[in-house]
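Structure at a glance
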Amino acid sequence: MYYNSGNVMDEAEVPPVWPPARPTTVPLALQQSMPLAQVLDIMSRPPGSAPPFVPWKPVPRLVPLPGSHTLTVSRPEQLDAAAYGRLRPDNLQLAITAQAIMKSQTTVTEETVAVQLAEEREPWALPSSIFKARVKESDARAFYDGGATVDKMFERDWQRACGKEKFTSMLARENKGNAAGKSDKQAMQDVHDMLKKHYQAFYSVFVYYAAGGNDPYHMPLNAYSSLLDDAGIPDPESLSCKRSDCDTIFIVCNFQPDKNSPDVAVNDEHALMRFEFMEAVVRLALAKYGKGQATDDLGIAVELLFERNLLPRLPPMAMLVSNDFRTERLYTEEVDLLFKQHQVWVWVCVRASMLSCLAWH
């Protein structure tokens, strides 16, 4: 089919034509026009047509205009061809930000350092430490205080407390109100057993509060008052355990009837030694829970003071066991090396402490 002056003509058969020969020269290879082949001639001049030959040049249709503007134009309400592409002359605002660019320079210096190898030595052991003298010089004859040593300490304190006539007579007087009719000997044995049951806590409490004073073997009045407040022992509503009653107990327990006793040289008249503190604990227990207030049994009164006041209310450090401190803090290689660096000063302090402790045993 072909067009002739805008009219569609009948079908004309165009036989296949051989393509032109391969170019053999440079000008033929570089020609910038279509090759002169018979097919092009037939297409330009269709058979059955007469000159002048007017080739058909169809004009393609334009793409339809969109139904809305996608850009910011001057007249967005118009949708004709002239309105598209006419952008609105907006004022452009430029923002300039300054950012500091920090440059760091690193200098690497290589240096050869000679490291000395650690000397091989035997593992640290407690028998070779500065604490080895404790095996020979302590009452326990060991690095730790065993049960036998603690029992010996308690019996010594109890013996010295019962050596005071005012203490034993007070126990006998308070036992008269016992409804069970216990003998004085049995009542004292009950107090003995209760104190021995809680002796480890008793000893820890005494060491903790006595250490707040100038002498670790004596508990002054200020430390005694702190103990009373921490344990909540004074009771302003009580008939026999007010603050003034507790202070009176301190004075009574600190009284030394025999001024010629060897203990006078080491027993401070203004502070409680350990056996005097034991007497004070018993008197405080009877003043707070005895006399029929909570019980008329002497042993139970002592038990109540420990269970309700001393054990649950005192700070944890007041219940620290000496053997636990030795294991966790004292008996270490670091402490041993430090003590050995200052062993002259350490031994002076140890000897002075041992001399002060002789009266206890």
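Residues numbered from 1 in each chain as written. Predicted model: local features only at pLDDT ≥ 70, side-chain atom pairs only at ≥ 80, totals over all residues. Heavy atoms only, no water.

1. Brief notes about the packing of aromatic side chains
In the structure shown here, the tally under the stated rule is eleven aromatic pairs. Between F206 and F277, the ring centres sit 5.8 Å apart and the planes meet at 40 degrees, which makes this aromatic pair tilted. Here F206 is found in helix α7 (residues 199–210), whereas its partner F277 is found in helix α10 (residues 274–289), with 71 residues between them in sequence. For the pair F206 and F277, one class covers both residues: buried. Three or more aromatic residues link up through ring pairs in this structure, and these residues are F131, F143, Y144, Y331 and F339. (Phe/Tyr/Trp six-rings, centres within 6.5 Å; stacked < 30°, edge-to-face > 60°. Helix = DSSP H or I, 4+ residues; strand = E, 2+ residues; numbered from the N terminus. Buried < 20%, exposed > 50% of the residue type's maximum accessible area, 1.4 Å probe, protein only.)

2. Re α10
The terminal C-alpha atoms of α10, which comprises 16 residues, lie 22 Å apart, in line with the 22 Å expected from a rise of 1.5 Å per residue. α10 sits mainly inside the fold: 16 of its 16 residues count as buried. Immediately beyond the C-terminal end of α10, within one or two residues, lies K291, with a positive phi of roughly 60 degrees. (Expected span 1.5 Å × (residues − 1).)

3. Here's the deal with the packing of helix α8 (residues 221–231) against helix α9 (residues 243–254)
Taken N-terminus to C-terminus, the directions of α8 and α9 make an angle of 135 degrees; their axes are 11 Å apart at the nearest point. Overall, the two elements α8 and α9 adopt an arrangement that is oblique. Crossing of α8 against α9: the hand is right-handed. Where α8 abuts α9, its residues L221, Y224, S225, L228 and D229 lie against R243, C246, D247, I249 and F250. (Axes fitted to C-alpha atoms, helices over the stretch in contact; angles between N-to-C directions. Parallel < 35°, antiparallel > 145°, perpendicular 65-115°, else oblique. Left-handed = near helix turned anticlockwise from the far one by under 90°. Contact = heavy atoms within 4.5 Å.)

4. Section: the pattern of salt bridges
Tallying each qualifying case throughout the model produces 13 salt bridges. In this structure, E174 engages K291 in a salt bridge whose closest nitrogen and oxygen atoms are separated by 2.6 Å. With E174 in helix α5 (residues 165–175) and K291 in the loop between α10 and α11 (298–313), this pair connects stretches of sequence that are 117 residues apart. For the salt bridge of K182 with D190, the shortest nitrogen-to-oxygen distance reads 2.7 Å. On the basis of relative accessible area, K182 is assigned to the partly exposed category, the value being 29%. (Salt bridge = Lys/Arg side-chain N within 4 Å of Asp/Glu carboxyl O.)

5. Let's talk about unusual backbone geometry
One non-glycine residue, R141, lies in positive phi territory at about 55 degrees. Along the polypeptide, R141 turns up in the loop between α3 (134–137) and α4 (147–162). With a relative accessible area of 51%, R141 lands in the exposed category. The residue K291 is not glycine, and still its phi comes out positive at about 60 degrees.

6. A short note on the side chain of S138
Assignment of secondary structure puts S138 in the loop between α3 and α4. A polar contact is formed between the side chain of S138 and the backbone oxygen of A142, at a distance of 3.5 Å. (Polar contact = N/O pair within 3.5 Å; in protein donor to acceptor, adjacent residues only side chain to side chain.)

7. Here's the deal with the nonpolar core
The biggest cluster of nonpolar side chains holds 50 residues, and the ones touching the most others in it are L195, M219, Y224, I233 and F277. For this core, the secondary-structure elements that each account for two or more residues are α4, α5, α6 (184–197), α7, α8, α9, α10 and α11. Among the elements that line this core, the one with the most residues is α10, at ten residues. The contacts of M219, once residues within four sequence positions are left out, are F206, Y209, A210, Y224, L227, F250, A271, L272 and F277. Grouped together as the second largest cluster of nonpolar side chains are seven residues, L126, F131, F143 and V335 included. (Core = buried A, V, L, I, M, F, W, Y, C linked by side-chain atoms within 4.5 Å.)

8. Some details on the packing of α7 against α10
Between α7 and α10, the least distance of the axes is 11 Å, while the angle of their chain directions is 115 degrees. Between α7 and α10 the crossing geometry is right-handed. Listed contacts from α10 to Y199, F202, Y203, V205 and F206 of α7 are R274, F277, M278 and V281.

9. With respect to the environment of P216
Turning to its location among the elements, P216 is positioned in the loop between α7 and β3 (219–220). Residue classification places P216 among the partly exposed residues on the basis of a relative accessible area of 47%. Placed 57 residues apart in sequence, P216 and M273 show a C-alpha to C-alpha distance of 9.5 Å. With residues up to four places along the chain from it excluded, the contact list for P216 reads F206 and A210.

10. Remarks on the side chain of H69
With respect to the helices and strands, H69 occurs in the loop between α2 (38–44) and α3. Under the relative-accessibility criterion, H69 is labelled buried at 18%. Beyond its immediate stretch of four places on either side in the chain, H69 contacts R75, P76, Q78, L79, A83 and Y84.

11. Points about a nonpolar patch on the surface
A surface patch of nonpolar side chains, amounting to about 380 Å² of accessible area, comprises Y208, M317, L320 and F325. One can find F325 in helix α12 (residues 322–330). Classification of F325 by relative accessible area gives partly exposed; the value is 39%. (Patch = residues over 30% accessible without salt bridge, like charges linked within 9 Å, V, L, I, M, F, W, Y side chains within 5 Å. Areas by Shrake-Rupley, 256 points an atom, 1.4 Å probe, with all protein chains shown as cover.)

12. Section: the state of the cysteines
Enumeration according to the criterion identifies zero disulfides in this entry. The thiol of C246 is not disulfide-bonded; the next cysteine sulfur, from C241, is found 4.1 Å away. For C246, a relative accessible area of 0% gives the class buried. (Disulfide = S-S within 2.5 Å.)

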